[in-house]
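Residues per chain are reported as follows:
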Amino acid sequence: MQQVEIYTDGACSGNPGPGGWAALLRSGEHERELTGAEPDTTNNRMELTAALRALEALKLPCRVVLYTDSTYVQKGMKGWLDKWKRNGWKTANKKPVRNEDLWRDLDKICARHEVEWRWVRGHAGNPGNERVDQLAREAIGSLDGGRGT
């Protein structure tokens, strides 16, 4: 099984507001960057989208170490997800899970891979994390022809 290292990040200009996401995929000597943007979203949706799009880009089942600076994504995948599924996609407070559509898609794609979720502190000099942060912010600027929001 191929080993892949992934860094992901999401960004929003306002929350909600215009948002961008980015992923950096590395396997051996190969590297690939993915980005995207949405005109009206939240930071959490962009964080989830970055992880989802990165995993969807893998053509074969892989062993993945996925780095995120989002405790929302990391804790969700390592602890909350199983509880939400058992509770019919409700939180411990019996409220609907926010971003359920993305959580369901992420859960489904993760079934294909062996994913280890690692949290990394944002803006702390980690080169992979700094790169995806930059790319996610640049993606926001692409929404209106590069003028920014």
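S.K.: Before we move on, could you go through the nonpolar core and cite the residues and values that matter?
M.R.: The biggest cluster of nonpolar side chains holds 31 residues, and the ones touching the most others in it are Ile6, Leu55, Trp103, Leu106 and Trp117. Contributing elements (two or more residues each) for this core: β1 (2–12), β2 (17–27), α1 (43–56), β4 (62–68), α2 (71–86) and α3 (100–110). If one sorts the elements of this core by residue count, α1 sits on top with seven residues. With residues up to four places along the chain from it excluded, the contact list for Leu106 reads Leu48, Ala51, Leu52, Leu55, Met77 and Trp117. Counting 11 residues, the second largest nonpolar core, distinct from the first, contains Ala22, Val120, Leu135 and Ala136.

S.K.: Run through the packing of α2 against α3, naming residues and quoting values.
M.R.: Interhelical geometry of α2 versus α3 gives an angle of 90 degrees and a closest axis separation of 11 Å. With respect to α3, the element α2 is oriented roughly perpendicular. Counting all contacts with α2, which are made through Tyr72, Val73, Gly76, Met77, Leu81, Trp84 and Lys85, the residues of α3 involved are Trp103, Leu106, Asp107 and Cys110. For the contact of α2 with α3, the per-class residue count stands at eight nonpolar, one polar and two charged.

S.K.: Any details on the pattern of salt bridges? Residues and values, ideally.
M.R.: A full pass over the atoms with the stated rule returns 10 salt bridges. With its nearest N and O atoms 2.8 Å apart, the salt bridge here joins Glu56 to Arg53. Placement of both Glu56 and Arg53 in helix α1 is noted, with a separation of three residues, approximately one turn of the helix. Residue classification places Glu56 among the partly exposed positions, given a relative accessible area of 40%. Judged by its relative accessible area of 34%, Arg53 falls in the partly exposed class. For Asp107, the salt bridge is made with Lys85, and the minimal N-O distance between the two is 2.9 Å. Residue Asp107 is located in helix α3, and its partner Lys85 is located in helix α2; the two are separated by 22 residues in the primary sequence. We classify Asp107 as partly exposed; its relative accessible area is 22%. With relative accessibility at 37%, the residue Lys85 sits in the partly exposed group.

Conventions adopted
- Residues numbered from 1 in each chain as written.
- Predicted model: local features only at pLDDT ≥ 70, side-chain atom pairs only at ≥ 80, totals over all residues.
- Heavy atoms only, no water.
- Core = buried A, V, L, I, M, F, W, Y, C linked by side-chain atoms within 4.5 Å.
- Buried < 20%, exposed > 50% of the residue type's maximum accessible area, 1.4 Å probe, protein only.
- Helix = DSSP H or I, 4+ residues; strand = E, 2+ residues; numbered from the N terminus.
- Contact = heavy atoms within 4.5 Å.
- Axes fitted to C-alpha atoms, helices over the stretch in contact; angles between N-to-C directions.
- Parallel < 35°, antiparallel > 145°, perpendicular 65-115°, else oblique.
- Nonpolar A, V, L, I, M, F, W, Y, C, P; charged D, E, K, R; others polar.
- Salt bridge = Lys/Arg side-chain N within 4 Å of Asp/Glu carboxyl O.

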